[in-house]
Amino acid sequence: MQLQPKATTNAPTKNRSLSLRTREKIAGYIFISPWLIGFLFLTFIPLIFSLYTSFTNYDITSEMNWVGFKNYITMFTIDPLFWKALYNTTFFVVLSVPLNTIGALSLAVLLNQKVTGMRIFRTVFYLPHVLSGVAVYLLWMEILNPQTGLVNVALSWFGIHGPAWFFDPHWAKPGVILMQLWGVGGGMLLYLGSLQSVPESLYEAAELDGAGPWQRFWNITLPMITPIMFFEIVTGIIGGFQVFQQGYVMSTASGGSPGSGSPVNSLLFYNLEMWNQAFVNFKVGYANAMAWLLFAIVMVLTWLNFKLSKRWVHYEGGDQ
Amino acid sequence: MAVNKVPGRYYVGRKMRSRIYKTIIFVVLIVLSVTILAPAWWMVATSFKSMKEIMTTSNTFWPKHFHWHNYVAAWEAAPFTRYTLNTAFITLFVVLGTVISNSFVAYGFAKIKFPGRDWLFSILLGTMMIPGFVTMIPTYVIFTKIHWVGTYLPLIVPSFFSGAFFTFMLRQFYRQIPNELLEAAKIDGAGHLYIWWKIMLPLVRPALATVAIFTFNGAWNDFLGPLLYVSNESQYTLQIGLTTFQGQVATQWNYLMAASVVALLPVVLLFFLFQRYFIEGSNIMGGIKG
């Protein structure tokens, strides 16, 4: 703005400012070029390729032929493992997402109280979230060992005969969900951050109106943290439908081979079945059809979540 | 406050109630902490036990004898030193690539005006919604065609092209830095590269540390990447090594746990050293995501 009088009187300055602006643009594109290149080669082209091959019989080695909707039809009408995998994954999502939400939120509320040693408690509850990878899966195989594992030993103190966990097709998935729940500290921290951002004045006003702790929680705390809850549920569902490693590694708990979904396909999650189709059976076209169906399912659920959110998610600054 | 007008007895009662309440919460937290830490302790305890002790049903939280030798035996039963070096090598480059590329790209999105910027940024955000598996198979095919499968390149190179999540996060940090600082540097004749490297990066150092730490954890624990692209046993990472080790010593839970403890050690050390960044880092992301 200040340059304007100068620019109108002095032609060379105007030219120079133009070239500066061009240089600015070029700099901008240079700075984002790593992402642009990565997006093109690691996302965009693979995405198009994946969609195209889902309509072919592509198997990496032999010639690729267009087969129309055949892969999709086979999936729905012929392949029993597809339905099994879809069921297992849905089961996992339906149970683990609410349990994670309740667990993380309750922990966050507890950790938001003014009690001595809170820093240590927060560290303790967050630690399992940091511990991940194969070592943790191995640990849980040991923890959920039917005879000598920690959980069943602890249950026996109360006279309860614990289940066979990964040796029983009905208890294998709950075992994975329990293992998942151990790392609930990640979500806990998000809720804690959001709990601490609730203005103190709201509580004071409610207290003056005679609202008890429960009323304050239901009418102030809960509505104020619904945006984070919404975010956690959306990402939880998206992530839940991509469960893979847990199934791949835990298949070995009862002596099955990695990725077999043992016992009796009870751990054959959708992504695991996709993996097997692509990298064991080399039916890449079919696996990509499965991938796109999953993409569609996740997109519909996310859309539905956003639609429903209008009824329960509360934004302080009005609707966004 | 209204409370002060209430007779003393009521006030004391209130204080008492609050003390009882706090004690209850404290006890609940202690019990929960023990429950949450028990599996981790179980792992350490098992790693010191003899196989005989593990197989007996009367399992204990404290090993009868500490078999330190389990660690040596486990480490020698498979080439774990090799696996650790491989993992460290990959992790180092992935962390380097992620921090450099994400901070570079985020600067472009945050501080430079160019046509189509906002449009491109919404595409970047949109990519967060794509399930990994949709692009995984084609990416594998691409890496096969350029003969990268069997090398570490597919694990390392993509991290140099920045991703949606950390770019988004760092952009938020850059935007908090006043533009006057940038303008002043420009008047002094500094280019964007200089401003980014010399002025911006030192200012967002805590955010960079957060990115580095989270990336370290992700890369150290990565399982799917090496499972997909590594074929030669001498190239195995710790994660892959542990799964194959499990097959070899299926009943030797003490060895398995010993190897697992060692594999987790760097992550635990990092957590306690940089605890502040972990706790704050998650909050930062929460703030942005919400």
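For the structure, see preceding data.
Computed from a predicted structure; not experimentally measured.

Enquirer: Tell me about the nonpolar core, and please be specific about residues and values.
Expert: Ranked by size, the top nonpolar core spans 194 residues in total, and within it A:Trp140, A:Phe166, A:Met250, A:Trp275, B:Tyr107, B:Tyr174 and B:Phe245 carry the most contacts. It is helix α11 (residues 213-240) of chain A that provides the largest number of residues to this core, a total of 13 residues. The residues contacting B:Phe245, other than those within four sequence positions of it, are B:Ala74, B:Ala77, B:Ala78, B:Phe80, B:Tyr255, B:Leu256 and B:Ala259.

Enquirer: Give me the packing of aromatic side chains: which residues, what numbers.
Expert: Per the counting criterion, the structure on display carries 59 aromatic pairs over all chains. Residues A:Phe55 and A:Phe69 carry aromatic rings whose centres are separated by 5.2 Å and whose planes lie at 85° to one another, so their mutual orientation is edge-to-face. Within this pair, whereas A:Phe55 is found in the loop between α2 (11-53) and α3 (70-77), its partner A:Phe69 is found in the loop between α2 and α3, the two being separated by 14 residues in sequence. Taken together through their ring pairs, the aromatic side chains of A:Phe244, A:Tyr248, A:Trp275, A:Phe279, B:Phe133, B:Tyr140, B:Phe143, B:Trp148, B:Phe223 and B:Tyr229 make up a single cluster. A cation sits over an aromatic face here: B:Arg171 above B:Phe121, 3.9 Å from the ring centre. Looking at B:Arg276, its charged tip hangs above the ring of B:Tyr277, at a distance of 4.8 Å from the centre.

Enquirer: Can you explain the pattern of salt bridges? Please cite residues and give values.
Expert: In the structure shown here, the tally under the stated rule is three salt bridges over all chains. Between A:Arg216 and A:Glu207 there is a salt bridge whose closest N-O contact spans 3.4 Å.

Enquirer: Give a detailed account of the interface of chain B and chain A, specifying residues and quantitative values.
Expert: At the junction of the two partners, chain B supplies 90 residues and chain A supplies 83 residues. Both faces considered, chain B and chain A share a buried interface measuring about 7900 Å² in area, 78% of it formed by carbon and sulfur atoms. Its largest share of buried area at the contact with chain A, chain B owes to B:Ile36, B:Phe133 and B:Ile137, together 8% of the area lost on that side. Connecting chain B to chain A are one salt bridge. At the boundary of chain B with chain A, the tally comes to 12 residue pairs in polar contact (both at pLDDT 80 or more). Looking at the side of chain B that touches chain A element by element, the count peaks at 18 residues for helix α1 (residues 8-48) of chain B. Looking at side-chain class alone, the side of chain B that touches chain A contains 60 nonpolar, 23 polar and seven charged residues.

Calculation criteria
Residues numbered from 1 in each chain as written. Chains lettered and ligands numbered in written order. Predicted model: local features only at pLDDT ≥ 70, side-chain atom pairs only at ≥ 80, totals over all residues. Heavy atoms only, no water. Core = buried A, V, L, I, M, F, W, Y, C linked by side-chain atoms within 4.5 Å. Buried < 20%, exposed > 50% of the residue type's maximum accessible area, 1.4 Å probe, protein only. Helix = DSSP H or I, 4+ residues; strand = E, 2+ residues; numbered from the N terminus. Contact = heavy atoms within 4.5 Å. Phe/Tyr/Trp six-rings, centres within 6.5 Å; stacked < 30°, edge-to-face > 60°. Lys NZ or Arg CZ within 6 Å of the ring centre and 35° of its normal. Salt bridge = Lys/Arg side-chain N within 4 Å of Asp/Glu carboxyl O. Buried area = accessible area lost by both parts, 1.4 Å probe. Polar contact = N/O pair within 3.5 Å; in protein donor to acceptor, adjacent residues only side chain to side chain. Nonpolar A, V, L, I, M, F, W, Y, C, P; charged D, E, K, R; others polar.

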